[in-house]
Amino acid sequence: MDYKKTNAPLNTVTRDLIKLSQDTNNVYETVCIIAKRADQIAAEMKQDLEKKLQEFASLNDNLEEVSENREQIEISRYYEKLPKPVLIATQEYVDHKLRFRNPEKDKLNLDN
């Protein structure tokens, strides 16, 4: 996923939770959906960052190499400037880009 192409805000945005939870009719379920997606995004971002930084890992680090590595610093700054995973997940939810289901509700619908 290209995180720079997301239209998520970089800062926290105040949102109307009642309006946000119209799809589920439950504020807590909506927050849970967004939180689970944010966890997925955070794990993906962490994996991407670790993969990029792995290129710089060496078994015998010199003191000079450890003190400063410009490329590593640039990569770290790039990830620091990205929107936070919760903001990306919330924007995906608002844009209806998330698919979700509730197994409990599905089970109740099958029983009726």
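In this report, the structure presented in the accompanying data block is examined. (Residues numbered from 1 in each chain as written. Predicted model: local features only at pLDDT ≥ 70, side-chain atom pairs only at ≥ 80, totals over all residues. Heavy atoms only, no water.)

Description of helix α5 (residues 85-94)
Turning to step 1, where the next piece is worked out: Extensive coverage of α5 is indicated by the burial of seven of its 10 residues.
Turning to step 2, where the next piece is worked out: Listed as buried for α5 are Leu87, Ile88, Ala89, Thr90, Gln91, Glu92 and Tyr93.
Turning to step 3, where the next piece is worked out: As for α5, its buried residues are in contact with α1 (17-20) and α2 (27-54).
Turning to step 4, where the next piece is worked out: Downstream of α5 by a residue or two, histidine 96 has a phi angle that is positive, lying close to 60 degrees. (Buried < 20%, exposed > 50% of the residue type's maximum accessible area, 1.4 Å probe, protein only. Helix = DSSP H or I, 4+ residues; strand = E, 2+ residues; numbered from the N terminus. Contact = heavy atoms within 4.5 Å.)

What to know about the packing of α2 against α5
Turning to step 1, where the next piece is worked out: Packing of α2 against α5 brings their axes to within 8 Å, and their N-to-C directions diverge by 125 degrees. The pairing of α2 with α5 is recorded here as oblique in orientation. Remark: the crossing between α2 and α5 carries right-handed chirality. Only Pro85, Val86, Ile88, Ala89, Thr90, Glu92 and Tyr93 of α5 make contact with α2, whose side of the interface consists of Thr30, Ile33, Ile34, Arg37, Ala38, Ile41, Ala42 and Met45.
Turning to step 2, where the next piece is worked out: Split into classes, the residues belonging to the contact of α2 with α5 amount to 11 nonpolar, two polar and two charged. (Axes fitted to C-alpha atoms, helices over the stretch in contact; angles between N-to-C directions. Parallel < 35°, antiparallel > 145°, perpendicular 65-115°, else oblique. Left-handed = near helix turned anticlockwise from the far one by under 90°. Nonpolar A, V, L, I, M, F, W, Y, C, P; charged D, E, K, R; others polar.)

Description of the pattern of salt bridges
Charged atoms that come close allow side chains of opposite charge to pair.
Turning to step 1, where the next piece is worked out: This model, assessed by the stated rule, comprises two salt bridges.
Turning to step 2, where the next piece is worked out: Two residues, glutamate 92 and arginine 37, come together in a salt bridge whose shortest N-O distance is 2.7 Å. With glutamate 92 in helix α5 and arginine 37 in helix α2, this residue pair connects regions lying 55 residues apart in the sequence. (Salt bridge = Lys/Arg side-chain N within 4 Å of Asp/Glu carboxyl O.)

Some details on the nonpolar core
Turning to step 1, where the next piece is worked out: Counting 14 residues, the largest nonpolar core has Ile34, Ile41, Met45, Tyr79, Ala89 and Tyr93 as the members making the most contacts within it.
Turning to step 2, where the next piece is worked out: The set of elements that each furnish at least two residues to this core consists of α2, α4 (70-81) and α5.
Turning to step 3, where the next piece is worked out: Element by element, the count of residues in this core is highest for α2, at five residues.
Turning to step 4, where the next piece is worked out: Apart from the residues lying within four places of it in its own chain, the contact partners of tyrosine 79 are Met45, Asp48, Leu49 and Lys52. (Core = buried A, V, L, I, M, F, W, Y, C linked by side-chain atoms within 4.5 Å.)

So, unusual backbone geometry
Turning to step 1, where the next piece is worked out: Despite not being glycine, asparagine 25 shows a phi value in the positive range, around 60 degrees.
Turning to step 2, where the next piece is worked out: Take asparagine 25: it is sitting in the loop between α1 and α2.
Turning to step 3, where the next piece is worked out: Residue asparagine 25 is classed as exposed on the basis of its relative accessible area, which comes to 70%.
Turning to step 4, where the next piece is worked out: Its identity is not glycine, yet histidine 96 carries a phi of approximately 60 degrees, on the positive side.
Turning to step 5, where the next piece is worked out: Among the secondary structure elements, histidine 96 is positioned in the loop between α5 and α6 (103-111).
Turning to step 6, where the next piece is worked out: The class for histidine 96 is exposed, based on a relative accessible area of 59%.

So, the environment of glutamine 54
Turning to step 1, where the next piece is worked out: Of note, glutamine 54 is situated in helix α2.
Turning to step 2, where the next piece is worked out: For the pair formed by glutamine 54 and glutamine 72, sequence separation is 18 residues and the distance between their alpha carbons is 9.9 Å.

Considerations on the packing of aromatic side chains
Turning to step 1, where the next piece is worked out: Here the structure, examined in full by the defined rule, presents two aromatic pairs.
Turning to step 2, where the next piece is worked out: With 5.3 Å between their ring centres and 90 degrees between their planes, tyrosine 78 and tyrosine 79 make a pair best called edge-to-face.
Turning to step 3, where the next piece is worked out: The class of tyrosine 78 is partly exposed, set by a relative accessible area of 28%.
Turning to step 4, where the next piece is worked out: We classify tyrosine 79 as buried; its relative accessible area is 12%. (Phe/Tyr/Trp six-rings, centres within 6.5 Å; stacked < 30°, edge-to-face > 60°.)

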